[in-house]
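The residues making up each chain are set out below.
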Amino acid sequence: MVLAATPKLPYSPEALLARGTPRVYTGRELTHLAWPLGELGASWVALGGHGDLRALASPAPPLPRLVLAVARPTGAPTLRLLQTTASPGLPEPCAGVTFEAAFPFARLRLENPLWPLAAVLEAHTPFVPGDLAISSLPACQLTLHLRHPGRQTQRAALLVCLPPGTAGQVKAWRDGALAGLSWTAPHAKAKAAPGWELASAWPAALLPGEAPAAGSGHGPLVSALREIGDATGGDYLILLADMPAKQALSLPLWLSWPACGKFPVTPDNASPRATLHYLAIHHDKLTHDTRAFGEALHASTLPAAVLEAVSGQLLTLAHAQGGIGSMAFPWFFPERARDFASTIIPEATNLETLSTALLSLYRDLLFSGEDAWMRAPWQRLSAALHQAITTLDADGDGWPEKLPTDGNTITRYLSAMRAAEELARQLGEDEAAAAWHRYFELGQAMFDAAHFNGDYYQTELCEVPDEPSGASRVDQLDGQLESRLLHLGSLLDPDHLEQAMASIFERHWQVKLPAQRGRKSTQPKGEAGLASSVVGGKRAAPVGCGQEYRLASQMFYESHLAEGLSLVRGARDRYTGVYRNPWLEREHAEAPIEGQHAWSMLLAISDLSYSAPAHALHFAPRLYSDDFACLLVVPGAWGLLRQKDLGEARREVRLELLCGELRVATLSFGFPVEQVVAKVGDQVLLIEVERFGINSMVRLLRPLKLSAGQTLVLDCQTPEELIEDEDAEDAILPTT
């Protein structure tokens, strides 16, 4: 792989190309960590970097504290609060902690030199792509993993209580196999009674007034913890554990609260208590599915900064209209995304909102493969769009001169024309498709002629305050990204597009942004970042990470790999935990949801796309082509895509489906082949192979329905010169 050389980049090739692994935070990096838990797009509870549960919104509820008691050969047991910050009225905290972030799991390794045990506190929320009800439960699971390396049985006990002074309302309960605690807390957005619940299905659980079994040997531990629990003024829960030599065990806890997010929970999970029962009953499957997804995600061989951004932003996954294809939500939950799109279609009136609605409709066609449902909205949108163009077309030539003339609006308009063409063709309206294509060609020519100044696409007659004509805007080609993500191709002259991408990076990106007067402390100052616009060498205020991720994706699609990786690395260097929370990327007026544009970087680097109408999968990684893997998420299925050189001019492409069903009629990739053998298990598939320049496509003569657990393997014989050329390439990237 070759990274374009430029003297502006401060990062070494090794730093940019290092493959991602789950990040571990220590020391000062723990300061601002807060791992969101529960409820997609509306997390109210987080696990802090020091091991404490904390609220992400007001009013803050009282949240549980965990105290571990470990027996000693002689004397009183060792008691430690399972966090590194003190809490009044509770035992001494742990000596230290390391925080490992690997979505969907956060793991805290707790350090205490007096323990004969290794302790890890793990937190996660169930996450299953395609199942919005499960993935948006207002609940989380906390699991204390204990491992005993010694040679004799070790006794331990875990106390779960609320901080003293807030616990008078806490009540213990038993309900079937569960033992737990209930309490109330202010909750301004609650749709139900403001009750919080915590429970465990651990068989050796004690409530206040209950004694351990005679002869169990837990008496001293229970006495020590009961003294602490009684002092809180409320009820509490104690879990008892016997640790055989060289063994490990896990103590599970579930926490649930009233729903306050956008997504409804299922009727069976309507109350916090019912949610706890659901989690307990389905614990094994939910944990297995969630862990399997996490392992697939982190099996991706993406660059470290990219994998960190992509995985971290799934924590705040929510729907937004701004990112038609660049945000993750429609890929993971397409049915709900279609529901949202159906609400904006009737409200679309002007050319900008009509363009957004049309692109959403086309995205939903690609994801669903069904066109019957979309005929009515298509008729409404196409008529309204034609009327809007006519209204803004002053001279009747087919170009809406009165359209706002910033590049963002116009490139989105051009991508909407291409989407209209493809929608019409899908519905058998060939004459209409040709008409929309003429609109596109005219707009393409007019935009190039009027706005490209030889260096970039400049703003003309822009209505943005303090931004005169001729300005370079960082989002001038945003519509081009949507076009790439929706398989609509290039919108602009290739040479002009190449020059504009280089100019945007050169003009807008700075290794050290100057301080902005009056800006909040969360905004970049003296750090790498992008200016929103540039006029005559003067840069405006910086943009947030969402726009940086979008621009990085554009850079990847247009083969500016070094520049794109530098953008991502610069953004992630601002989110180390020292000054900002890595999983709530809020800068100036930008909402955390903007960070979800990170998903488009995975699609761009892997050049991954899927068309449900054609059952066509495309995969052509731009990095690590000799050994690449990435997560595959399409409506109704997810798994892993791999590409690996086998030596002797052979390359293998594998589609490992881990969940759901996926129909495949064609699979295309970015290298030439001379011969291909396609198999699922021991079954050899009948195929045809076509070559398009350096690209190849395998067509299955009988379309395949791949099920969970199955793997499609393509064993490809490649030309000798391909391997020789790739072996000769170096990653060239000078540092300054």
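Before reading further, recall that the structure is shown in the block above.
Just so it is clear, the model here is predicted, and its values are computed rather than measured. (Residues numbered from 1 in each chain as written. Predicted model: local features only at pLDDT ≥ 70, side-chain atom pairs only at ≥ 80, totals over all residues. Heavy atoms only, no water.)

J.: I would appreciate a short explanation of the overall build of the protein chain in the present structure.
T.: Scanning the protein chain from terminus to terminus reveals 18 helices and 32 strands. The buried share of the protein chain, reckoned over its 736 residues, is 58%. Pairs at least 24 apart in sequence give 66% of the contacts found in the protein chain among residues at least 6 apart. Total accessible area on the protein chain is roughly 28,200 Å²; 52% of this is exposed by carbon and sulfur atoms. (Helix = DSSP H or I, 4+ residues; strand = E, 2+ residues; numbered from the N terminus. Buried < 20%, exposed > 50% of the residue type's maximum accessible area, 1.4 Å probe, protein only. Contact = heavy atoms within 4.5 Å. Areas by Shrake-Rupley, 256 points an atom, 1.4 Å probe, with all protein chains shown as cover.)

J.: I keep staring at the environment of threonine 84 and nothing clicks. Help me out?
T.: Along the chain, threonine 84 falls in the loop between strand S6 (78-81) and strand S7 (96-102). When the C-alpha atoms of threonine 84 and glycine 49 are compared, they prove to be 9.0 Å apart, with 35 residues separating the residues in sequence. A distance of 2.8 Å separates the side chain of threonine 84 from the side chain of histidine 50, its partner in a polar contact. (Polar contact = N/O pair within 3.5 Å; in protein donor to acceptor, adjacent residues only side chain to side chain.)

J.: Can you help me understand the packing of helix H11 (residues 407-426) against helix H12 (residues 430-451) in this one?
T.: One way to put it is that H11 packs onto H12 with a least axis distance of 7 Å and a crossing angle of 160 degrees. Taken together, H11 and H12 sit at an angle that is classed as roughly antiparallel. Crossing geometry of H11 relative to H12 is assigned as left-handed. Residues Gly407, Ile410, Thr411, Tyr413, Leu414, Met417, Arg418, Ala420, Glu421, Ala424 and Arg425 of H11 form the contact with H12, whose own contacting residues are Asp430, Ala432, Ala433, Trp436, His437, Tyr439, Phe440, Gly443, Gln444, Phe447 and His451. Among the residues making up the contact of H11 with H12, the classes are represented as twelve nonpolar, six polar and four charged. (Axes fitted to C-alpha atoms, helices over the stretch in contact; angles between N-to-C directions. Parallel < 35°, antiparallel > 145°, perpendicular 65-115°, else oblique. Left-handed = near helix turned anticlockwise from the far one by under 90°. Nonpolar A, V, L, I, M, F, W, Y, C, P; charged D, E, K, R; others polar.)

J.: What should I look at first to understand the pattern of salt bridges in this one?
T.: On inspection of all chains with the given rule, the structure shows 36 salt bridges. The shortest N-O distance in the salt bridge between arginine 642 and glutamate 656 comes to 2.8 Å. Here arginine 642 is found in strand S26 (residues 637-647), whereas its partner glutamate 656 is found in strand S27 (residues 650-669), with 14 residues between them in sequence. Given a relative accessible area of 14%, glutamate 656 falls into the buried group. Between glutamate 690 and arginine 699 there is a salt bridge, with the nearest N and O atoms lying 3.1 Å from each other. Since its relative accessible area comes to 27%, glutamate 690 is described here as partly exposed. (Salt bridge = Lys/Arg side-chain N within 4 Å of Asp/Glu carboxyl O.)

J.: Is there a simple way to explain the packing of helix H6 (residues 304-313) against helix H16 (residues 561-572) in this structure?
T.: Angle between the axes and distance between the axes: these two values describe a pair of packed helices. One can describe the packing of H6 onto H16 by two numbers: an axis separation of 9 Å at closest approach and a directional angle of 60 degrees. Relative to H16, H6 is oriented oblique. For the pair H6 and H16, the crossing hand works out as left-handed. Here H6 contributes Ala305, Val306, Glu308, Ala309 and Gln313 to the contact with H16, which in turn contributes Leu565, Val568, Arg569 and Arg572. In terms of residue class, the contact of H6 with H16 is made up of five nonpolar, one polar and three charged.

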